[in-house]
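Coordinate analysis (summary)
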Amino acid sequence: MFGSVLQKIRESRPLVHAITNYVTINDCANIMLAAGGSPIMADAPQESAQITAACDGLVLNLGMLNDSKKEAMRTSAAVAAECGKPVILDPVGVGASPYRLETAAELLNSMAVSVIRGNASEISALARGHAQSRGVDAVLQGEPQTQLRRMKELSRKYSAIVVQTGETDLLTDGETVYEIHNGDPMMKLVTGSGCMLSALTGVCCAADPEHLLEACACAVCMMGLAGELSGAETAARGGGTASFRVGLIDWVSKMNEEILNGGMKLEMRSDDDAAVCGN
Amino acid sequence: MFGSVLQKIRESRPLVHAITNYVTINDCANIMLAAGGSPIMADAPQESAQITAACDGLVLNLGMLNDSKKEAMRTSAAVAAECGKPVILDPVGVGASPYRLETAAELLNSMAVSVIRGNASEISALARGHAQSRGVDAVLQGEPQTQLRRMKELSRKYSAIVVQTGETDLLTDGETVYEIHNGDPMMKLVTGSGCMLSALTGVCCAADPEHLLEACACAVCMMGLAGELSGAETAARGGGTASFRVGLIDWVSKMNEEILNGGMKLEMRSDDDAAVCGN
Amino acid sequence: MFGSVLQKIRESRPLVHAITNYVTINDCANIMLAAGGSPIMADAPQESAQITAACDGLVLNLGMLNDSKKEAMRTSAAVAAECGKPVILDPVGVGASPYRLETAAELLNSMAVSVIRGNASEISALARGHAQSRGVDAVLQGEPQTQLRRMKELSRKYSAIVVQTGETDLLTDGETVYEIHNGDPMMKLVTGSGCMLSALTGVCCAADPEHLLEACACAVCMMGLAGELSGAETAARGGGTASFRVGLIDWVSKMNEEILNGGMKLEMRSDDDAAVCGN
């Protein structure tokens, strides 16, 4: 299913600009390279817009936000929107910080964002419009049906694909819903699993901007499957969380159509859509 | 001995805010997760105090200090002190930079700091109040007895536990002194061994704020023992310093009461205390 | 050939100040430690000059540049030049950003830079004086002879050694040219291969400031050979890019005279020099 996304990445080697979180910036660059993309990190307002203009996509990560990055995000998002390049927003910790939530709202209101990728706490905070959760980790927010309704509303409001990751990953463009069941429990014990997925989503979307929902689903499956493969290896070798992280990036670099098609656990969710979208 | 600290970490999953050094920020987040804590990194004055208010502890690391972080540290330390949350200060390179030393002095004088964790050069610079050493690595500073006397004075002056790490680790609350002999020579060849220990200390103290000296000793033993276990594995596999670092975090993630009690090398030092504290 | 550089590193444990890129800052510190150096990272103008004054060398990396770092680079470069300490400039992405190119030009014009280390795109942009390439990765720029002529001109203009890395690495002090053929294709799939080499070059030059060309050649051979050794191991174990990166730093930490002399692929290039330098 995702062979064409992978092929496009390897053929075009998309250049992706990331304005991102210093905690996980190295992991993000490495996973983008591992997938076949070409990352460039730059967050000074003095050069940000020019760099975005030369790139195929943009990733904005709100972790460790500051005013200088915020300004760079604003100008880069405007350039990307003007040129029709995909923009991925990762609202890290937005549920814990009004400052990040305001910045997210400003970026979303500019209508430049193509994809929002977060955990349940973050997506809920964006949907509600106010902060509430503790920390950066996901906290279960309401019933699954409520969550899905919120995701669809958020998606339609900002004309953006919404990707909510957790034990089950959910993706929607406001109509179609994908449910993905790949992943490994160790992913929560490594910082940057979410950030890396957003970076990888940037590479997939930049390579296949005409099929953003598929590109997002491809990124989520790749990441989750790489996690499963690394988790199995780590357990077999008696390793811990740092070995798991090495294996996670290793498996993204070793991913191909055969491995991906053999291991991905994706289904389209249609049963209760009408009811969910009814209002 | 430290079973209760470990158990409390796993039960409460303490949320710890770190305003820290970009060199080792990823390692710090990963070791906090490996131990069972939940890290949040944020260093913009715009959000720092609000984030501290929602957390169980605060880690301040002076590596790569700048004026924006300094302001964030000031406001976060004030919030933590007001709420009675443990604050760990890691005075990285304070012996080499008057700017860092002044910042350390300001933070200490606010009486918000619960634990100071540094190497011999750093602790000596704080005790003397002026910079002198070269670089960020430890340089032997005076006789052991002189060092211990300085540590106790520093501890009493600021009502803070002082943890000095090196070949032998020393901890004091101004009265009791622990000596810990865990560790591996490779720890000095990996950047962030000290920063990671301070981050881990933040997790232990946030989980058990009523027993800070024991929480600090637990962190020091865990880190040193993880180093020993990784060192043995690295040597057996013919690895180098990067493999050692992976193993170090792996072993923190695999640490449990049995491993810790079986391997920790801690003794209370009481013999010469009277003489040392006599003045 | 490089035994004396290695020996000097291990004897003097040179202290090297780096004002560098947050993407790869941890890898840079770790490779400097692995080689036997002692890194200190500091980029606040408030302390930068004082720290440089206490160090044996300075590495300036333009990745993720901002105005505060630019100011720190300016003052640190002035101090290093005044004290005759080697300064390594890594013009990361200078071909993609006028802001970085202007900063590079300013640093070069101050005549403080001893070594310029970049890929073909970056060296070409510096030689031409204007930006043109996409992203941070190398793009082939003109014929090999043209490239070599540009390198020599650049070297003479700024009295700096020029190190251009890629499939074949070229080094020149404006007269002598070394060609180095060590390396592994996986190096391009790991972020920071170039940054790490610049950091390692800083350690070698700081240890042997009287023989900068040899020190640079030693760093390039060490890095390339470590890449080859790690690449072979990674392939044998079925690993990916993250395992390769662990092995790369491991092998720098295990490097010794015997391994280096046995594996380095260096030749002096003299055949067409006259023609090349003729103008």
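- Per an unreviewed UniProt entry, chain A goes by Hydroxyethylthiazole kinase and derives from Massiliimalia timonensis.
- Per UniProt, chain A carries the Pathway (unreviewed entry) text "Cofactor biosynthesis; thiamine diphosphate biosynthesis; 4-methyl-5-(2-phosphoethyl)-thiazole from 5-(2-hydroxyethyl)-4-methylthiazole: step 1/1."

Concerning the sheet that holds strand β9 (residues 266-269) of chain B
All names here are of chain B.
- Taking strand neighbours across the sheet as the criterion, the 9 strands line up as β2-β1-β3-β4-β5-β6-β7-β8-β9 in an open arrangement whose pairing is mixed. Either end of the sheet is taken by a strand with one partner, and the two such strands are β2 (38-41) and β9. Neighbour-to-neighbour, the strand axes of the sheet open up by a mean angle of 20°, direction not taken into account.
- Two strands pair when backbone bridges link them, and strand β7 (residues 169-172) and strand β8 (residues 177-180) are joined in this way by 4 bridges, in the antiparallel orientation. Bridge pairing in β8 links Thr 172 to Val 177.

Considering the environment of Ile 161 of chain A
Residues and elements named next belong to chain A.
- The residue Ile 161 is located in strand β6 (residues 161-165) in this model.
- The class for Ile 161 is buried, based on a relative accessible area of 7%.
- Residues Ile 161 and Ala 53, spaced 108 residues apart in sequence, show a C-alpha to C-alpha distance of 22 Å.
- Those residues in contact with Ile 161 that sit more than four places away from it in its chain are Ser 114, Val 115, Ile 116, Ser 155, Thr 172, Asp 173, Leu 212, Leu 213 and Cys 216.

What about the interface of chain A and chain C?
- In this complex, chain A contributes 28 residues to the contact, which on the side of chain C involves 29 residues.
- When the two sides are added together, the surface that chain A and chain C hide from each other amounts to roughly 2,300 Å², 52% of it contributed by carbon and sulfur.
- Taken together, chain A and chain C are joined by 1 salt bridge.
- At the level of elements, α2 (25-35), β2 (38-41), α3 (48-53) and α10 (241-254) of chain A are the ones that each hand at least two residues to the side of chain A that touches chain C.
- Grouping the constituent residues of the side of chain A that touches chain C by class yields 15 nonpolar, 6 polar and 7 charged.

A few points about the confidence of the model for chain A
Residue and element names in this part refer to chain A.
- Across chain A, the average pLDDT comes to 93, with 92% of residues at 70 or higher.
- Confidence over residues 274-279 falls short of pLDDT 50; this stretch has 8 contacts with residues more than four positions distant or in other chains.
- Interface predicted TM-score (ipTM) for the complex: 0.93; the corresponding pTM is 0.95.

A look at the sheet that holds strand β3 (residues 57-61) of chain A
Residue and element names in this part refer to chain A.
- Within the open sheet, the 9 strands sit side by side as β2-β1-β3-β4-β5-β6-β7-β8-β9. Their pairing is mixed. What marks the edges here is a single partner per strand, and that holds for β2 and β9 (266-269). In this sheet, neighbouring strand axes are inclined to one another by 20° on average, regardless of whether the strands run parallel or antiparallel.
- Relative to the sheet, helix α4 (residues 67-83) contacts β1 (15-19), β3 and β4 (87-90), its axis offset from that of β3 by approximately 150°.

Brief notes about the relation of the copies chain A and chain B
- The transformation that overlays chain A on chain B combines an axial shift of 0.0 Å with a rotation of 120°, and the residual RMSD is 0.0 Å. A rotation of that kind, with that shift, is consistent with a three-fold axis. Across chain A, the smallest distance between a C-alpha and the rotation axis is recorded for Tyr 22 of chain A, namely 3.9 Å.
- Interface residue correspondence from chain A to chain B reaches only 10%, placing this contact among heterologous pairings that use different surfaces.

Regarding the interface of chain A and chain B
- Listed as interface residues are 29 residues of chain A and, on the opposing side, 28 residues of chain B.
- Overall, the association of chain A and chain B removes approximately 2,300 Å² of surface from exposure, summing both partners, and the carbon and sulfur fraction of that is 53%.
- The tally of links between chain A and chain B comes to 1 salt bridge.
- We note a salt bridge from Glu 47 of chain B to Arg 100 of chain A, for which the minimum N-O separation is 2.9 Å.
- Counting every contact that joins chain A to chain B gives 14 residue pairs in polar contact (both at pLDDT 80 or more).
- Of all the secondary-structure elements, those providing two or more residues to the side of chain A that touches chain B are α5 (98-109) and α10 of chain A.
- Sort the elements by how many residues they give to the side of chain A that touches chain B and α10 of chain A lands first, with 5 residues.
- Among the residues making up the side of chain A that touches chain B, the classes are represented as 12 nonpolar, 10 polar and 7 charged.

Concerning the packing of aromatic side chains
- Scanning all chains against the criterion turns up 3 aromatic pairs over all chains.
- When the centroid spacing of 4.8 Å and the interplanar angle of 65° are considered together, the rings of Tyr 22 of chain A and Tyr 22 of chain B count as edge-to-face. Here the residue Tyr 22 of chain A occupies a position in the loop between β1 and α2, and Tyr 22 of chain B occupies one in the loop between β1 (15-19) and α2 (25-35), the pair thus bridging two chains.
- Overall, the relative accessible area of 8% leaves Tyr 22 of chain A in the buried class.
- Above the face of the Tyr 22 of chain B ring, Lys 69 of chain B is positioned so that its terminal group lies 4.0 Å from the ring centre.

Some details on the UniProt feature "binding site: substrate" (unreviewed entry) in chain A
- Following the UniProt record, the feature "binding site: substrate" (unreviewed entry) maps to Met 41 and Gly 192 of chain A here.
- Under the relative-accessibility criterion, Met 41 of chain A is labelled buried at 6%.
- Those residues in contact with Met 41 of chain A that lie beyond four places of it in its chain are Ala 18, Thr 20, Ile 25, Cys 28, Ala 29 and Met 32 of chain A together with Val 23, Met 64 and Arg 100 of chain C.

Calculation rules
Residues numbered from 1 in each chain as written. Chains lettered and ligands numbered in written order. Predicted model: local features only at pLDDT ≥ 70, side-chain atom pairs only at ≥ 80, totals over all residues. Heavy atoms only, no water. UniProt positions renumbered as here; feature names shortened; annotations may be inferred. Pairing = 2+ DSSP bridges. Helix = DSSP H or I, 4+ residues; strand = E, 2+ residues; numbered from the N terminus. Axes fitted to C-alpha atoms, helices over the stretch in contact; angles between N-to-C directions. Buried < 20%, exposed > 50% of the residue type's maximum accessible area, 1.4 Å probe, protein only. Contact = heavy atoms within 4.5 Å. Buried area = accessible area lost by both parts, 1.4 Å probe. Salt bridge = Lys/Arg side-chain N within 4 Å of Asp/Glu carboxyl O. Nonpolar A, V, L, I, M, F, W, Y, C, P; charged D, E, K, R; others polar. pLDDT = per-residue confidence, 0-100. Least-squares fit on C-alpha atoms with pLDDT ≥ 70 in both. Polar contact = N/O pair within 3.5 Å; in protein donor to acceptor, adjacent residues only side chain to side chain. Phe/Tyr/Trp six-rings, centres within 6.5 Å; stacked < 30°, edge-to-face > 60°. Lys NZ or Arg CZ within 6 Å of the ring centre and 35° of its normal.

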